[in-house]
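Read off the chains here:
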Amino acid sequence: MDNTLMKVTQLPVIEEHLRSRKEQTEQRVAEAMSLVCTDETLTSVKNIRAEMNREFADAETQRKAIKSAIMEKYDSFESVYRECIADPYKRADADLKATIGATESEIKSRCEEMLLGYFRELCAVNEIDFLSFGQTGVKVDMASARAKTPKKLMEQIKLKVDGVAQDMKTIGTMGENAPEIMVEYKNNLDLSLAISVVNERHRRAEEEREAVKRHTVTPAARADGVTDAAAPHVVPK
């Protein structure tokens, strides 16, 4: 395939013409700048300046006209370029991107299904019925998905399930608080936090019971209080 798709044929001709005029322009400017401006030559110098400004204005008009013509032709060229080159390439890229995405998604999906089955087996063996696959933190990437056996992700799953299983065993040794701790643990999978929450709850409950005791007057105490209040106070002589 010929990689030379585009050629500019007119601009180099214009540039060459401008370069041929460079020496003439510089000579014209040098002559003007060498003029001595006095009372006698003031009008002449002004006329030369005005003449040079007209020449430059004419050059600017031509430049703008050339730019407009170039841009008009460029707009036409760009339309042809989009039709013949850009749009076909973009359509192909979009189609290939969609095809690649669908294929990668299918490969990842197969890997996730396999990992999910592995996860469920481990949970069944360890009698875990509250842990979700999402809580393992496993994210299937293409490198792992295309591997014959995604060992790294399987190890990540096993590490998580084994950790939960060990925490459950630890909770089982905590006596009467075990069920309450297990409830908290299922909410956050953080054993230390679960224990801390339960201990704090029990501490507050105990403080409330003590407070109630301190403010509760028994019947005997009330009777003693009445007797003491009714007894006469004897002042010794």
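Attention in this report is confined to the structure presented alongside it. Keep in mind it's a predicted model, so treat the numbers as computed, not measured.

1. Thoughts on the overall build of the protein
Check the secondary structure of the protein and you find 7 helices and 0 strands. Along the protein, helices and strands appear, N-terminal first, in the series α-α-α-α-α-α-α. Expressed as a percentage of the 237 residues in the protein, the buried residues total 16%. Pairs at least 24 residues apart make up 53% of the contacts formed inside the protein by residues separated by at least 6 positions. Carbon and sulfur atoms make up 55% of the accessible area of the protein, which totals about 19000 Å².

2. Description of the packing of helix 2 (residues 42-125) against helix 4 (residues 151-172)
Direction vectors running N to C along helix 2 and helix 4 enclose 25 degrees, while the axes themselves pass 10 Å from each other. Relative to helix 4, the element helix 2 is oriented roughly parallel. Here helix 2 and helix 4 pass one another in a crossing that is right-handed. Between helix 2, through Met114, Leu115, Tyr118, Phe119, Leu122 and Cys123, and helix 4, the contact on the second element is made entirely by Leu153, Met154, Ile157, Lys158 and Val161. Of the residues in the contact of helix 2 with helix 4, the class split is 10 nonpolar, no polar and 1 charged.

3. Regarding the packing of aromatic side chains
Per the counting criterion, the structure on display carries 4 aromatic pairs. Look at Phe130 and Tyr185: their rings are 6.3 Å apart centre to centre, the planes differ by 85 degrees, and that puts the pair in the edge-to-face class. Highlighted residues: Phe130 in the loop between helix 2 and helix 3 (142-146) and Tyr185 in helix 5 (residues 178-188), separated in sequence by 55 residues. Across the pair, exposure class does not vary: Phe130 and Tyr185 are buried alike. Members of the aromatic cluster, joined through ring pairs, are Tyr74, Phe77 and Tyr81.

4. As for unusual backbone geometry
Even without a glycine there, the phi angle at Glu127 is positive, about 55 degrees. Looking at the secondary structure, you find Glu127 in the loop between helix 2 and helix 3. With a phi close to 55 degrees, Leu189 is a non-glycine residue in the positive phi region. Counting through the fold element by element, Leu189 comes out in the loop between helix 5 and helix 6 (191-215).

5. Notes on helix 2
With 84 residues, helix 2 should reach 124 Å at 1.5 Å per residue; the first-to-last C-alpha distance of 108 Å falls well below that figure. For helix 2, the complete set of buried residues consists of Ala86, Ile107, Cys111, Leu115, Leu116, Tyr118, Phe119, Leu122 and Cys123. Each element contacted by the buried residues of helix 2 is listed here: helix 3 and helix 4. Glu127 occupies a position one or two residues after helix 2 and carries a positive phi of about 55 degrees.

6. Structural notes on the packing of helix 5 against helix 6
Their axes nearest at 8 Å, the elements helix 5 and helix 6 cross at an angle of 135 degrees. In terms of orientation, helix 5 lies oblique with respect to helix 6. As helix 5 runs across helix 6, the sense of the crossing is right-handed. Contacts between helix 5 and helix 6 involve Glu180, Ile181, Glu184, Tyr185 and Asn188 on the former and, on the latter, Leu191, Leu193, Ala194, Ile195, Val197, Val198, Arg201 and His202.

7. Side note on the environment of Lys148
Relative to the elements of secondary structure, Lys148 occurs in the loop between helix 3 and helix 4. The spatial distance from the C-alpha of Lys148 to the C-alpha of Cys111 is 9.6 Å, given a sequence separation of 37 residues.

8. With respect to the nonpolar core
With 30 residues, the main nonpolar core has Leu115, Ile128, Leu131, Ile157, Val161 and Tyr185 as its most contacted residues. Breaking this core down by element, the ones donating at least two residues are helix 2, helix 3, helix 4, helix 5 and helix 6. Ranked by residue count, the leading element in this core is helix 2, at 8 residues. Contacts of Leu131, omitting those with residues within four sequence positions, involve Phe119, Cys123, Lys160, Val161, Val164 and Leu189.

Definitions and limits used
- Residues numbered from 1 in each chain as written.
- Predicted model: local features only at pLDDT ≥ 70, side-chain atom pairs only at ≥ 80, totals over all residues.
- Heavy atoms only, no water.
- Helix = DSSP H or I, 4+ residues; strand = E, 2+ residues; numbered from the N terminus.
- Buried < 20%, exposed > 50% of the residue type's maximum accessible area, 1.4 Å probe, protein only.
- Contact = heavy atoms within 4.5 Å.
- Areas by Shrake-Rupley, 256 points an atom, 1.4 Å probe, with all protein chains shown as cover.
- Axes fitted to C-alpha atoms, helices over the stretch in contact; angles between N-to-C directions.
- Parallel < 35°, antiparallel > 145°, perpendicular 65-115°, else oblique.
- Left-handed = near helix turned anticlockwise from the far one by under 90°.
- Nonpolar A, V, L, I, M, F, W, Y, C, P; charged D, E, K, R; others polar.
- Phe/Tyr/Trp six-rings, centres within 6.5 Å; stacked < 30°, edge-to-face > 60°.
- Expected span 1.5 Å × (residues − 1).
- Core = buried A, V, L, I, M, F, W, Y, C linked by side-chain atoms within 4.5 Å.

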